[in-house]
Amino acid sequence: MTDLTGTGIGRGIARGPVARMAALPAPPQDVPSQLSPEEESQRVAEAVQAVAEELAARGEQAGGQAKDVLEAQAMMAQDPALADAVSERTQAGKTGEWAVFEAFDEFRRTMESLGGYLGERAADLNDVAQRVIARLRGLPAPGVPDPRHPFVLVAEDLAPADTALLDLEKVLALVTIEGGPTSHTAILAREKAITAVVGVAAAEELTGGEDVIVDAAAGTVITAPTQEQIDDAEQRIAQRAAVQAAPMAPGALADGTEVPLLANLGSPEGAAEAVELGAEGVGLFRTEFLFLSSDEAPTVAEQTESYTALLQAFGGRKVVVRALDAGADKPLSFLTNTEEENPALGLRGLRALLADEQVLDDQLTALAQAQEATEADLWVMAPMVSTVEEAQRFSELAHAKGLKTAGVMVEVPSSALLAEDILGEVDFASIGTNDLTQYTMAADRMLGSVSHLQDPWHPAVLRLIREVGAAGQSTGKPVGVCGEAAADPLLAVVLVGLGVNTLSMAPAALSDVRTELTLHSAEQARAVAQAALGASSAAEARKAALAASQA
Amino acid sequence: MSASRTVTVASSSGLHARPAKLFVEAVQGTGSTITLAKGEKSVNAASILTVLSLGVEKGDEVTLTAEGGEEEQALDTLEQFLTTDHDA
């Protein structure tokens, strides 16, 4: 047995056979072939035949629209025009790999230049070429494997396109060789509550079919497990399943301190599932979905209808609705200016709403009408508040409409530092950790090259959250967290230790966070938070918190 | 020997996507060598890539040319294919 270490995402544990996601084959070199043109053509013909058969078989299995796409791909692999182009090159003494690479590339470019539907098919052709080249080299086909049984997926890292194709019913756990706690894989794992360990450099050695235990709580992958380890893992898997199947208790610490667990939602349709997963209400309801697909703002009547449906789904529970957060990565033609050089630092969120108050006025009117029509406990908050004046203005407007509870999102360092003054003007604060991290670290959250800085464990971020937690306590006003951070069970303990009263997250993450909270008292949570605050990097903070939580 | 026929395409998405794939299958099924021409450009009708590259839309006139025996029968089959709306 060996333990491979990385960063665990969540607290899950899983056991099963490894399936590797094969890397894309490196592009071939144009070197002279050592084989005769006939031998090269023969190799290519066999590879093409095998790839076409595999694609057709997958299409047969997939059915529906995927079947058409895969069958069309199989047909492209065997295309006579492509075969001629390949043969021309093997006749000239090129290797099969180079001939396929160059001939497919030529067709791909033609298709791309034609655009539209054909442009989209160019990617399909590229995929076929990579499969044929991998086959010629005796390598497994690139992409997500399909071993037809549950498996532990081991990959370099997952791209968004890969995760779209993942059959989550079959994936027991994710292990990545690269990537960190903020990689796409980690985000997916948190959102779907999949057991994952990322950044496991030694996972390079894992081979398909090998039996492993993936322990996210410990951040390890155990290879060749002993019977004892297997029994331990099976027992913990059963325990977790039992906890998740048990009747849902409200979120609370070991000493009974209540920590309501809420859901982040983007449309009314998710409400029923969130309740089923134990959401005690909604901590962040994003209203953008009502606006993003339209050229103009929806009417007051349309908005009232949507908000009423949402509030009804939650009965008398708390629902925190965020006013329209447009701008930056969510531009809206009727509200935001796309000409800005740094839209994340521009007229976005509440700034955009105050620049054109009609949209905000309509939204608040609709929310007030929905509040009247239902039993729900409606809270309304403003996005991207950076000054006390903005908080005051929003609070006035919301209360004037008859909205009972008006608050702000703390996403900018200035509002974290002025939290006490801001809380003096409003009824509550909710910390948006993704944006707060982006602005604290001056690292664009959409930019891959600085994604290592987008980590809410960074002590700089934690210290700002401490300011907000302390302000909540001194003013007696509630402080919540809605963001990626609340879905990380250990970080959730830290947040509570920093003075946060409620946590809101993707519904799938609720169960793990609920379980973790029951393991610590308020005093222990404060000690875990102190340990994290004293660190000087995100990785150290995580490590210090883990050690303190096990003390 | 060769035979030609000019046909107006009825499929609502022309020879894109699914209809293109089905058309090429039909061509391969005839066992004849078929050329498909639109305007000045003429391509091997057994190649999905070149057929797609013609960008045939609904209502376009295309010319089918068959060689290699059973030409009329092959053209009948393909004409029937092209004058049916496969996206309906």
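The model shown is predicted, which means the values in this text are computed figures rather than measured ones.

Bringing the overall build of chain A into the picture now. Along chain A, the regular secondary structure elements total 22 helices and 16 strands. By the burial criterion, 50% of the 551 residues in chain A qualify as buried. Of the contacts made within chain A by residues no fewer than 6 positions apart, 66% connect residues no fewer than 24 positions apart. With an accessible surface of roughly 23300 Å², chain A has 52% of that area assigned to carbon and sulfur atoms.

With that settled, consider the overall build of chain B. Scanning chain B from N- to C-terminus turns up three helices and four strands. When the helices and strands of chain B are listed from N to C terminus, the series reads β-α-β-β-α-β-α. Out of the 88 residues belonging to chain B, those deemed buried represent 47%. Sequence-distant contacts in chain B: of pairs separated by 6 or more residues, those separated by 24 or more amount to 72%. When the accessible surface of chain B is totalled, it reaches about 4000 Å², and 45% of it is carbon and sulfur.

All names here are of chain A. Between helix α21 (residues 522-533) and helix α22 (residues 538-550), whose axes approach to 7 Å, the crossing angle comes to 150 degrees. With respect to their mutual orientation, α21 and α22 come out roughly antiparallel. α21 and α22 meet at a crossing whose hand is right-handed. Here A527, V528, A531 and A532 of α21 come into contact with α22, specifically with A541, A544, A545, A548 and S549.

Another point: the packing of aromatic side chains. Summed over all chains, the structure comprises three aromatic pairs over all chains. Aromatic pair F23(B) and F81(B): ring centres 5.8 Å apart, planes at 50 degrees, arrangement tilted. Separated by 58 residues along the polypeptide, F23(B) in helix α1 (residues 17-30) and F81(B) in helix α3 (residues 71-82) bring together distant segments of the chain. Taken as a pair, F23(B) and F81(B) share a single burial class, namely buried. One Lys or Arg, K318(A), reaches over the ring of W379(A) and ends 3.8 Å from the middle of that ring.

At the junction of the two partners, chain A supplies 15 residues and chain B supplies 15 residues. Between chain A and chain B lies a buried interface of about 1200 Å² when both sides are counted; carbon and sulfur atoms form 74% of it. At the boundary of chain A and chain B, one finds one salt bridge. K21(B) serves as the salt-bridge partner of E71(A), at 2.7 Å between the closest nitrogen and oxygen. Across the chain A-chain B interface, the total number found is four residue pairs in polar contact (both at pLDDT 80 or more). Where the side of chain A that touches chain B is concerned, the elements lending two or more residues are α2 (64-77), α3 (80-91), α4 (96-114) and α5 (116-136) of chain A. When residues of the side of chain A that touches chain B are assigned to their parent elements, the largest contribution, five residues, is made by α2(A). When grouped by side-chain class, the residues that make up the side of chain A that touches chain B number 12 nonpolar, no polar and three charged.

This next bit is on the pairing of strand β11 (residues 318-322) of chain A. The two faces of the sheet receive side chains in turn, since in a regular strand these alternate between them. All names here are of chain A. For β11, a buried count of five out of five residues is recorded, marking the element as mostly surrounded by other parts of the structure. Along β11, one buried face is formed by K318, V320 and R322 and the opposite face, lined by V319 and V321, is buried too. Across four bridges, strand β10 (residues 281-286) lies against β11 in parallel orientation. By the bridge assignment for β11, G281 is matched with K318. Two strands pair when backbone bridges link them, and β11 and strand β12 (residues 377-382) are joined in this way by five bridges, in the parallel orientation. When the bridges of β12 are listed, V320 appears paired with W379.

With that settled, the discussion passes to a negative patch on the surface. Residue and element names in this part refer to chain A. Together, D295, E296, E302 and E305 give the surface a local cluster of negative charge. Turning to its location among the elements, E302 is positioned in helix α11 (residues 300-313). Since its relative accessible area comes to 44%, E302 is described here as partly exposed.

Taken as a whole, chain B shows an average pLDDT of 85; of its residues, 95% reach a score of 70 or greater. Across chain B, the secondary-structure element scoring lowest on mean pLDDT is α1(B), at 85, and the one scoring highest is strand β2 (residues 33-38) of chain B, at 91.

All names here are of chain A. Neither face of strand β6 (residues 195-198) is open: one carries T195 and V197, the other A196 and V198, and all of them are buried. Relative to β6, strand β2 (residues 7-9) runs antiparallel, the two sharing three bridges. Looking at β6, one finds that T7 is bridged to V198. Strand direction decides the pairing type here: strand β5 (residues 171-176) and β6, joined by three bridges, are parallel. Paired with L174 across the two strands is A196, which belongs to β6.

Among the residues making up helix α7 (residues 184-192) of chain A, those that are buried are T185(A), A186(A), L188(A), A189(A) and R190(A). A193(A) sits one or two positions beyond α7(A) and adopts a positive phi of about 55 degrees.

With that settled, the discussion passes to the nonpolar core. If you look at the biggest cluster of nonpolar residues, it comprises 92 residues, and the most contacted ones within it are F394(A), V494(A) and L503(A). Not counting residues within four places of it along the chain, the set of residues in contact with V494(A) comprises W457(A), L462(A), V528(A), A529(A), A532(A) and A545(A).

Quick look at the environment of V43(B) now. In this structure, V43(B) sits in strand β3 (residues 41-44). Linking V43(B) and L64(B), residues 21 residues apart in sequence, is a C-alpha distance of 9.9 Å.

A separate point is the sheet that holds strand β16 (residues 502-505) of chain A. Sheet architecture is closed into a barrel: eight strands sit in the order β9-β10-β11-β12-β13-β14-β15-β16 (chain A), paired in parallel fashion. Here the average twist between neighbouring strands, direction ignored, is 25 degrees.

What follows deals with the environment of R286(A). Residue and element names in this part refer to chain A. With respect to the helices and strands, R286 occurs in strand β10. Given the relative accessible area of 32%, R286 is considered partly exposed. Each C-alpha atom of the pair R286 and G266 lies 4.9 Å from the other, and the pair is 20 residues apart in sequence. Residues in contact with R286, not counting those within four places in the same chain, are N264, L265, G266 and R322.

Calculation criteria
Residues numbered from 1 in each chain as written. Chains lettered and ligands numbered in written order. Predicted model: local features only at pLDDT ≥ 70, side-chain atom pairs only at ≥ 80, totals over all residues. Heavy atoms only, no water. Helix = DSSP H or I, 4+ residues; strand = E, 2+ residues; numbered from the N terminus. Buried < 20%, exposed > 50% of the residue type's maximum accessible area, 1.4 Å probe, protein only. Contact = heavy atoms within 4.5 Å. Areas by Shrake-Rupley, 256 points an atom, 1.4 Å probe, with all protein chains shown as cover. Axes fitted to C-alpha atoms, helices over the stretch in contact; angles between N-to-C directions. Parallel < 35°, antiparallel > 145°, perpendicular 65-115°, else oblique. Left-handed = near helix turned anticlockwise from the far one by under 90°. Phe/Tyr/Trp six-rings, centres within 6.5 Å; stacked < 30°, edge-to-face > 60°. Lys NZ or Arg CZ within 6 Å of the ring centre and 35° of its normal. Buried area = accessible area lost by both parts, 1.4 Å probe. Salt bridge = Lys/Arg side-chain N within 4 Å of Asp/Glu carboxyl O. Polar contact = N/O pair within 3.5 Å; in protein donor to acceptor, adjacent residues only side chain to side chain. Nonpolar A, V, L, I, M, F, W, Y, C, P; charged D, E, K, R; others polar. Pairing = 2+ DSSP bridges. Patch = residues over 30% accessible without salt bridge, like charges linked within 9 Å, V, L, I, M, F, W, Y side chains within 5 Å. Lys, Arg positive; Asp, Glu negative; His and termini not counted. Charge placed at Lys NZ, Arg CZ, Asp CG, Glu CD. pLDDT = per-residue confidence, 0-100. Core = buried A, V, L, I, M, F, W, Y, C linked by side-chain atoms within 4.5 Å.

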